[in-house]
Amino acid sequence: MASKKSSTQTHYLQSLLGRLRRKTLTITPGNGKALNVGTFKTNEPIPEYTITIVPNVKDDIGMSKERLKSAGGRSYSLVYQFQNFSEKTCKVTVRQK
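Residues numbered from 1 in each chain as written. Predicted model: local features only at pLDDT ≥ 70, side-chain atom pairs only at ≥ 80, totals over all residues. Heavy atoms only, no water.

Visitor: Please explain the overall build of the protein as it appears in this structure.
Guide: When its secondary structure is counted, the protein shows 1 helix and 6 strands. Mapped in sequence order, the helices and strands of the protein form the string α-β-β-β-β-β-β. Within the span of the protein, comprising 97 residues, buried residues form 28% of the whole. Long-range contacts, defined as pairs at least 24 residues apart, comprise 68% of the intrachain contacts of the protein with a sequence gap of at least 6. Total accessible area on the protein is roughly 6,800 Å²; 50% of this is exposed by carbon and sulfur atoms. (Helix = DSSP H or I, 4+ residues; strand = E, 2+ residues; numbered from the N terminus. Buried < 20%, exposed > 50% of the residue type's maximum accessible area, 1.4 Å probe, protein only. Contact = heavy atoms within 4.5 Å. Areas by Shrake-Rupley, 256 points an atom, 1.4 Å probe, with all protein chains shown as cover.)

Quick look at the structure:
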């Protein structure tokens, strides 16, 4: 029977791979930010992240998620981009599911 990795082992492995577990960005009105959540192999499932925006100005936040392939094509970086079109400064939290 195969043993499951503990959450501590999983977190350690992800930190070695440079993968994001959680990050909060502060975005002022009229500005944008990009966040590279990590590098993944093309044969891995696409990781899922939860996005939380405070205050809730979701209708005024532009968001995109892009897979940027490496030169060899065997891996890619997953990048989120956010643009704040509201009149309020907001905090965007990206958290791995």
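Visitor: What is the right way to read the nonpolar core from this model?
Guide: Soluble globular proteins: nonpolar side chains tend toward being buried together. One finds Val 37, Tyr 49, Leu 78, Phe 82, Cys 90, Val 92 and Val 94 to be the most contacted residues of the largest nonpolar core, which totals 17 residues. Those elements that place two or more of their residues in this core are strand E1 (22-27), strand E2 (32-41), strand E3 (49-54), strand E5 (75-84) and strand E6 (90-96). Here this core gets 4 residues from one element, more than from any other, and that element is E5. (Core = buried A, V, L, I, M, F, W, Y, C linked by side-chain atoms within 4.5 Å.)

Visitor: Explain the pairing of strand E4 (residues 61-69) here, please?
Guide: For a regular strand, side-chain orientation follows a simple rule: the groups alternate between the two sheet faces. Taken together, the 9 bridges between E4 and E5 define a ladder with antiparallel strand orientation. When the sheet's bridge partners are listed, Leu 68 is paired in E5 with Ser 77. Hairpin geometry of E4 and E5 is characterised by an intervening segment of 5 residues between the two adjacent antiparallel strands and by a positive phi of about 80° at Gly 73. (Pairing = 2+ DSSP bridges.)

Visitor: Would you explain the packing of aromatic side chains in this entry?
Guide: The way to describe two aromatic rings as a pair is by their centre distance and the angle between their planes. Counted by the stated rule, this structure contains 3 aromatic pairs. Look at Tyr 49 and Tyr 80: their rings are 6.1 Å apart centre to centre, the planes differ by 75°, and that puts the pair in the edge-to-face class. Taken as a pair, Tyr 49 in strand E3 and Tyr 80 in strand E5 lie far apart in primary sequence, 31 residues in all. Comparing Tyr 49 with Tyr 80 shows no difference in burial state: the two are buried. Relative to Phe 82, the ring of Tyr 80 has its centre 6.2 Å away and its plane inclined at 5°; by these criteria the two rings are stacked. (Phe/Tyr/Trp six-rings, centres within 6.5 Å; stacked < 30°, edge-to-face > 60°.)

Keep in mind that these numbers describe shape and distance, not what the molecule does.
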